[in-house]
Amino acid sequence: MLLKLKSFTVIRDMGSRTALKMYKGNVHSIVEAINGCSVIVSESLVTQMLKRFSKEWIPAFGFFKWAKLQTGFKHSPDSSNLMVDSLGKSRKFALMWEIVEKMDKFGRMYKPATRLQGTE
């Protein structure tokens, strides 16, 4: 129970405006900060975080990258679609297409409508 509580606190703190300003737009520093915590990755946690940061591509992408690096974790089509959507809305098309290409390479489905939302 303590581990879950600590993980929630870490995630909640990441969402605060103060914490976002600390990262200064650096995806790598977000990955490193999460690595220093005892957060256990799950599809549910990834989905929650990507939804929470849907308008903040840097913390969303940092968390997405961190999750991918965790042993045994693979992003689902849903989490990948959320990240693609966030990057598209933020006009980070090169990063967005990297994810789409990896999804295609590994035979994971993506929603074309999600991919196009950021280009409207």
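Residues numbered from 1 in each chain as written. Predicted model: local features only at pLDDT ≥ 70, side-chain atom pairs only at ≥ 80, totals over all residues. Heavy atoms only, no water.

Going through the model one piece at a time under the given rule, you end up with one salt bridge. Across the pair D85 and K89 runs a salt bridge, and its minimum N-O distance is 3.1 Å. Pair noted here: D85 and K89 are both in helix α6 (residues 77-89), with a separation of four residues, about one helical turn. What makes D85 buried here is its relative accessible area of 14%. (Salt bridge = Lys/Arg side-chain N within 4 Å of Asp/Glu carboxyl O. Helix = DSSP H or I, 4+ residues; strand = E, 2+ residues; numbered from the N terminus. Buried < 20%, exposed > 50% of the residue type's maximum accessible area, 1.4 Å probe, protein only.)

Generally speaking, soluble globular proteins have nonpolar side chains that are buried together. If you look at the biggest cluster of nonpolar residues, it comprises 27 residues, and the most contacted ones within it are V46, F61, F63, W66, M83, L87 and I99. For this core, the elements supplying multiple residues, two or more each, are α3 (27-35), α4 (43-52), α5 (57-69), α6 and α7 (93-105). Looking at this core element by element, the count peaks at eight residues for α5. When neighbours within four sequence positions are excluded, W66 is seen to be in contact with V31, I34, N35, V39 and V41. (Core = buried A, V, L, I, M, F, W, Y, C linked by side-chain atoms within 4.5 Å. Contact = heavy atoms within 4.5 Å.)

All right, on to the environment of V39 then. Relative to the helices and strands, V39 resides in the loop between α3 and α4. With 28 residues separating them along the chain, V39 and A67 place their C-alpha atoms 9.9 Å apart.

The next thing to look at is the packing of aromatic side chains. With the rule as written, the count across this model stands at three aromatic pairs. Note on F61 and F64: the rings are 6.5 Å apart at their centroids and 15° apart in plane angle, and the pair reads as stacked. Here F61 and its partner F64 are both found in helix α5, three residues apart, which amounts to about one turn of the helix. The class for F64 is buried, based on a relative accessible area of 6%. Ring pairs connect the aromatic residues W57, F61 and F64, which therefore count as one cluster. (Phe/Tyr/Trp six-rings, centres within 6.5 Å; stacked < 30°, edge-to-face > 60°.)

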